[in-house]
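Working through the structure, step by step
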Amino acid sequence: MKTITTPLSETGVRGLFAGDRVLITGTIYTGRDAAHKRMVEAMDRGDRLPFDLDGQIIYYVGPCPAKPGQVIGSAGPTTSGRMDTYAPRLMASGLRGMIGKGLRKPAVVDAMKVHGCVYLVAVGGAGALLAQRIKAAEVVAFPDLGPEAVYRLHVEDFPVFVGIDAAGTDMYAEGVARYRRS
Amino acid sequence: MREVHVGDITAAIEDLCIQACYDLPGDVLCALKEARQKEESPLGREIIDQLLENAAIARDDRVPICQDTGVTVVFVEVGQDVRLVGGDLYGAINEGVRRGYERGYLRKSVVAEPLFERKNTGDNTPALIYADIVPGAEVKLTVVPKGTGSENMSIVRMLTPADGPAGVKALVRETVERAGSNPCPPLVIGVGVGGFLERAPLLAKRALLRQVGRPHPDARVARLEQEILDEVNALGIGPQGLGGRITALAVHVETGPTHIGALPVAVNIQCHAARHAERIL
């Protein structure tokens, strides 16, 4: 088990390998479909982004509303592939990590190798458990998007696996190849 | 003629939305525990342990199992000897969804229009409502919150009669393989065979409501289910697609009459959070 704290350095990212179990502590940002579209549109216009991407991790999640007394509602990962169109642009601006679930397109993996970025996977459908590792949450951009707004989260010991490392090694492909019988 | 007030339907739907999102059904829990025993991948077992722990947290803390509390699919069977009073049925169901998603702190995930604005309606309405008239004097409500990770990996295809059971198997296998890790395996796989273009997917969705792993009463269909399950689990996709023996917990096939020249087949993929709740009024 490895532990990492944010923000991440390129050296730190390149020291993570596909299959590693990792606990994250620090600040991470949320973003899914609509927020990614708006961030890339802002970059196209030359506008400032709602937060500095340098060294940061984006978690692909649209949480449930918090109940009274809760920091955040259930908050498991969404399918990462829908962000593939946008991810290379964000990596070019300094993004060092992405948390989600599921497969990524080759163009995303290529960008990860070039820029030094890691793809972390959390267990999809474990939203109640993962929410317990989120200790603070505040909306920092696009509040009109509701569950799709960008939140700044403070996480402690947030459990993920390294799905694809910055050398392009893919834990999904290796795992499936090991157990495939047909 | 028995009268049922639509206000009772609203109240039931409100409760069922919350129940379905907080309490993983017992049959699904059993299937996951059985999968935990069978899974050979250490990582796969670790993932299933996390899912079981997550289900316990959701049940005990009264929070959603998964943040994708879905579009609310509602099946309604209205007995033909029932007279609904007090308002319109669809309005009553949507009001129940509105209240349930608010009171249960469930995520609102419906956009009003799919292509241009994609603006969130803010209350998870409208529900996708399928109403049938059936014999009797009862109203049966089934609430199925369905997330998009698995729904996006589903498919309907018009096969030809010559494709037969082998064609059905090949389509399921192809669909599950293409989906890989995206739909949050281990899966429950609903397969609808027959009807026409619009009917096969409904059969497939209804197949997801069957008790997990209970075989079809027709032995030929039950055998096909088992064969498909074996093929799918030989793919090695495993829990969360990270490799393992248990890609699917169960395959449920439902069939129906079709045209002499047709073989429509739909594959509806369900994630491990196979949520549904029902009540009879």
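All figures in this text were calculated on a predicted structure; none of them were measured in a lab.

What follows deals with the overall build of chain B. A count of helical and extended segments in chain B gives eight helices and 10 strands. Taking 19 Å as the expected radius of gyration for a compact globule of 281 residues, we find that chain B reaches 19 Å, a close match to that expectation. Dimensions of chain B, computed from the C-alpha atoms along their principal axes, are close to 55 × 50 × 40 Å. Sorting the 281 residues of chain B into buried and exposed places 49% on the buried side. A sequence separation of at least 24 residues applies to 81% of the contacts in chain B between residues at least 6 apart.

Between its first and last C-alpha, helix H3 (residues 42-61) of chain B extends 28 Å over 20 residues, near the 28 Å set by a 1.5 Å rise per residue. Looking only at H3(B), the buried set comprises Gly44(B), Ile47(B), Ile48(B), Leu51(B), Asn54(B), Ala55(B), Ile57(B) and Ala58(B). Where the residues of H3(B) are buried, they touch helix H5 (127-131) of chain A together with helix H1 (6-22) and helix H2 (26-38) of chain B. At the C-terminal side of H3(B), Arg62(B) shows a positive phi close to 55 degrees.

A few words now on the sheet that holds strand E9 (residues 263-270) of chain B. Residues and elements named next belong to chain B. The mixed open sheet is built from four strands, whose spatial order is E6-E9-E7-E8. The open sheet has two edge strands, strand E6 (155-159) and strand E8 (248-258), and neither has a second partner. Going from strand to strand, the sheet's axes swing by 15 degrees on average, the running direction of each strand aside. Two elements, strand E7 (residues 187-195) and E8, share eight bridges in a ladder whose sense is parallel. Pairing of Gly195 across the sheet is with Thr258, part of E8.

This part covers the packing of H1(B) against helix H4 (residues 89-103) of chain B. Residue and element names in this part refer to chain B. Contact geometry for H1 and H4: axes closest at 7 Å, N-to-C directions at 35 degrees. Where H1 crosses over H4, the handedness of that crossing is right-handed. Only Leu89, Ala92, Ile93, Glu95, Gly96, Val97, Arg99, Gly100, Tyr101 and Arg103 of H4 make contact with H1, whose side of the interface consists of Val6, Ile9, Thr10, Ala11, Ala12, Ile13, Glu14, Cys17 and Ile18. For the contact of H1 with H4, the residue count by class is 12 nonpolar, three polar and four charged.

The next thing to look at is the interface of chain B and chain A. Facing the 43 residues of chain B at the interface are 34 residues of chain A. The element that contributes the greatest number of residues to the side of chain B that touches chain A is H3(B), accounting for nine residues. Per-class residue counts for the side of chain B that touches chain A are 18 nonpolar, 18 polar and seven charged.

Residue and element names in this part refer to chain B. Strands sit in the order E4-E2-E5-E10 across an open sheet of four strands; the sheet is mixed. The two strands at the open ends of the sheet, each matched to only one other strand, are strand E4 (128-134) and strand E10 (277-280). Adjacent strand axes in the sheet meet at a mean angle of 10 degrees when their direction is disregarded. In the sheet, strand E2 (residues 71-79) pairs with strand E5 (residues 139-146) via eight bridges, with the strands oriented antiparallel.

Before going further, it helps to examine the confidence of the model for chain B. Residues at a pLDDT of 70 or more form 100% of chain B, whose mean pLDDT is 97. Confidence metrics for the complex model read pTM 0.94 and ipTM 0.91.

Residues and elements named next belong to chain B. As a packed pair, H2 and H3 sit with axes 9 Å apart at the nearest point and diverge in direction by 155 degrees. If you check the angle between H2 and H3, you find them roughly antiparallel. Crossing of H2 against H3: the hand is left-handed. Facing H2, whose interface residues are Leu29, Leu32, Lys33, Ala35 and Arg36, H3 presents Arg45, Ile48, Asp49, Leu51, Leu52 and Ala55. Residues that form the contact of H2 with H3 fall into these classes: seven nonpolar, no polar and four charged.

The complete set of buried residues in helix H6 (residues 171-179) of chain A reads Met171(A), Tyr172(A), Gly175(A), Val176(A) and Tyr179(A). Here the buried residues of H6(A) occupy an arc of 120 degrees about the axis, which is enough to place them on one side. At its buried positions, H6(A) is contacted by strand E7 (150-164) of chain A together with H3 of chain B.

Take the environment of Pro257(B) next. All names here are of chain B. Counting through the fold element by element, Pro257 comes out in strand E8. Pro257 sits in the exposed class, given 8 other C-beta atoms within 10 Å. In the structure, Pro257 is positioned 41 residues away from His216 in sequence and 16 Å away in space, judged by C-alpha atoms.

Residue and element names in this part refer to chain A. With respect to the helices, strands and loops of the structure, Phe142 is situated in the loop between strand E6 (134-141) and E7. Looking at Phe142, the number of C-beta atoms within 10 Å reads 17, which means it is partly exposed. In the structure, Phe142 is positioned 132 residues away from Glu10 in sequence and 29 Å away in space, judged by C-alpha atoms. Apart from the residues within four sequence positions on either side, Phe142 is in contact with Ala35, Arg38, Ala149 and Val150.

Residues and elements named next belong to chain B. By size, the foremost hydrophobic cluster in this structure holds 142 residues, and its most contacted members are Ile13, Cys17, Ile189 and Val191. Here this core takes 10 residues from H1, the largest share from any one element. Apart from residues lying up to four places away in sequence, Ile189 is in contact with Val172, Val176, Val232, Ala248, Val251, Val267 and Ile269.

Calculation rules
Residues numbered from 1 in each chain as written. Chains lettered and ligands numbered in written order. Predicted model: local features only at pLDDT ≥ 70, side-chain atom pairs only at ≥ 80, totals over all residues. Helix = DSSP H or I, 4+ residues; strand = E, 2+ residues; numbered from the N terminus. Rg over C-alpha atoms; globule rule 2.2 N^0.38 Å. Buried ≥ 20, exposed ≤ 12 C-beta atoms within 10 Å, placed from the backbone. Contact = placed C-beta atoms within 7 Å. Expected span 1.5 Å × (residues − 1). Pairing = 2+ DSSP bridges. Axes fitted to C-alpha atoms, helices over the stretch in contact; angles between N-to-C directions. Left-handed = near helix turned anticlockwise from the far one by under 90°. Nonpolar A, V, L, I, M, F, W, Y, C, P; charged D, E, K, R; others polar. pLDDT = per-residue confidence, 0-100. Parallel < 35°, antiparallel > 145°, perpendicular 65-115°, else oblique. Arc of directions from axis to C-beta. Core = buried A, V, L, I, M, F, W, Y, C linked by C-beta atoms within 7 Å.

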